Amino acid sequence: CSNDLLNRIQKAVMWTEESNLHSVPTDCPQRDERQGWLNDVTVRVEETIYNFGMGAFYRKWHQDITDEQAENGCITDVAPRAFGSLQADPLCSIFLLVPWYTYHFFGDIKLIKDRYENMKRWQQFLTNNSKDGIVQYSNYGDWAGPAAGCDQTHDFSALSVITPGIFVSTIFYYFNATLLAKMANYLGKTEEEWEHLKQAEYIKASINREWLNKETANYAL
């Protein structure tokens, strides 16, 4: 475009992604880690699709995630797993977003059809680890914010000391329910669509009860 700053940002984005798309969508190319972290891709999935032909790539990687899914429904922080938690951070909605965007960008509904039950099992795992609509664990939460808002004394120095981890977990738990409702609609599963919508409303009410400050119109502050 005519804005040089935007063009430079876009060029940096392209360089970054081109350095990270090697069999799996890795987290960073500058150190030995280079793993397919699910939470990293959750926040950049649309960007990659807009910039690259990701249809086949994401179908393959979604199989990697599915291969790691346990009997209890949990998925792993990294797929294929080399390290990281065996129960992924609840913000790993990428397990739902890959089928969702594969359909919306490429017109391919096969992943939604084939993995709908797997996605439901991940959501059920979060339900099993919730109390009164609030997810009870968080691995990373509001990760890598400004340094002043992070716990510099912790081994994970990018953990937020401002945003409660379980607040982030529960937001994505709610988000999953809304996505599952839409996918159930596409699959003609009307009864399940309403079940997902009902769950979403329950979680939303729990979030508002626990964290909404009506006087300041803020959450978790």
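Above this text you will find the structure in question.
The model shown is predicted, which means the values in this text are computed figures rather than measured ones.

Caption draft 1: View of the environment of Q136. Mapped onto the elements of the fold, Q136 is located in the loop between β4 (134–135) and α7 (165–186). Overall, Q136 belongs to the partly exposed group, its relative accessible area being 46%. For the pair Q136 and R44, spaced 92 residues apart in sequence, the C-alpha separation works out to 26 Å. Excluding residues that lie within four positions of it along the chain, Q136 makes contacts with N129, S130, K131 and I166. One polar contact links the side chain of Q136 to the main-chain carbonyl oxygen of I134, over a distance of 2.8 Å.

Caption draft 2: Examining the packing of aromatic side chains more closely. Within the structure shown, the criterion is met by 14 aromatic pairs. With 5.2 Å between their ring centres and 55 degrees between their planes, Y103 and Y186 make a pair best called tilted. A residue pair is termed long-range when its members are at least 10 positions apart, and Y103 in helix α5 (residues 94–106) and Y186 in helix α7 qualify at 83 residues. For Y103, a relative accessible area of 26% gives the class partly exposed. For Y186, a relative accessible area of 34% translates into the label partly exposed. With centroids separated by 6.1 Å and ring planes inclined at 20 degrees, the aromatic side chains of F167 and Y219 adopt a geometry described as stacked. Here F167 is found in helix α7, whereas its partner Y219 is found in strand β6 (residues 218–219), with 52 residues between them in sequence.

Caption draft 3: Spotlight on the nonpolar core. Formed by 47 residues in total, the largest nonpolar core has its most connected members in Y58, W61, I94 and W122. Only α2 (38–42), α3 (45–51), α4 (55–68), α5, α6 (110–128), β4, α7 and α8 (190–211) provide two or more residues apiece to this core. Here W122 is in contact with Q69, G73, C74, I75, A88, D89, P90, C92, F95, L96, Y137 and N176, once residues within four sequence places are set aside.

Caption draft 4: Structural context of the environment of Y202. Assignment of secondary structure puts Y202 in helix α8. Separated by 68 residues in the primary sequence, Y202 and I134 have C-alpha atoms spaced 9.9 Å apart. Residues contacting Y202, with those up to four places away along its chain left out, are D132 and G133.

Caption draft 5: Focus on α8. The terminal C-alpha atoms of α8, which comprises 22 residues, lie 32 Å apart, in line with the 32 Å expected from a rise of 1.5 Å per residue. Residues of α8 that are buried: E193, H196, Q199, A200, I203, S206, I207 and W211. Projected down its long axis, α8 carries its buried residues within an arc of 145 degrees, all on one side. Across from the buried face of α8, at angles greater than 90 degrees, the exposed residues are E191, W194, K198 and R209. Structurally, α8 contributes buried residues whose contacts are with α6, β4, α7, β5 (212–213) and β6.

Caption draft 6: Summary view of the pattern of salt bridges. Per the stated rule, a full pass over the model turns up 8 salt bridges. In this structure, K60 engages D64 in a salt bridge whose closest nitrogen and oxygen atoms are separated by 2.6 Å. Linking K60 with D64, this pair stays in helix α4, spanning 4 residues, or about one helical turn. Residue K60 is classed as partly exposed on the basis of its relative accessible area, which comes to 36%. A salt bridge links K120 to E192, with the nearest nitrogen and oxygen atoms 3.2 Å apart. Residue K120 is found in helix α6, and its partner E192 is found in helix α8; the two are separated by 72 residues along the sequence.

Scoring rules and cut-offs
Residues numbered from 1 in each chain as written. Predicted model: local features only at pLDDT ≥ 70, side-chain atom pairs only at ≥ 80, totals over all residues. Heavy atoms only, no water. Helix = DSSP H or I, 4+ residues; strand = E, 2+ residues; numbered from the N terminus. Buried < 20%, exposed > 50% of the residue type's maximum accessible area, 1.4 Å probe, protein only. Contact = heavy atoms within 4.5 Å. Polar contact = N/O pair within 3.5 Å; in protein donor to acceptor, adjacent residues only side chain to side chain. Phe/Tyr/Trp six-rings, centres within 6.5 Å; stacked < 30°, edge-to-face > 60°. Core = buried A, V, L, I, M, F, W, Y, C linked by side-chain atoms within 4.5 Å. Expected span 1.5 Å × (residues − 1). Arc of directions from axis to C-beta. Salt bridge = Lys/Arg side-chain N within 4 Å of Asp/Glu carboxyl O.

Function-wise, these values are silent; they only describe arrangement.
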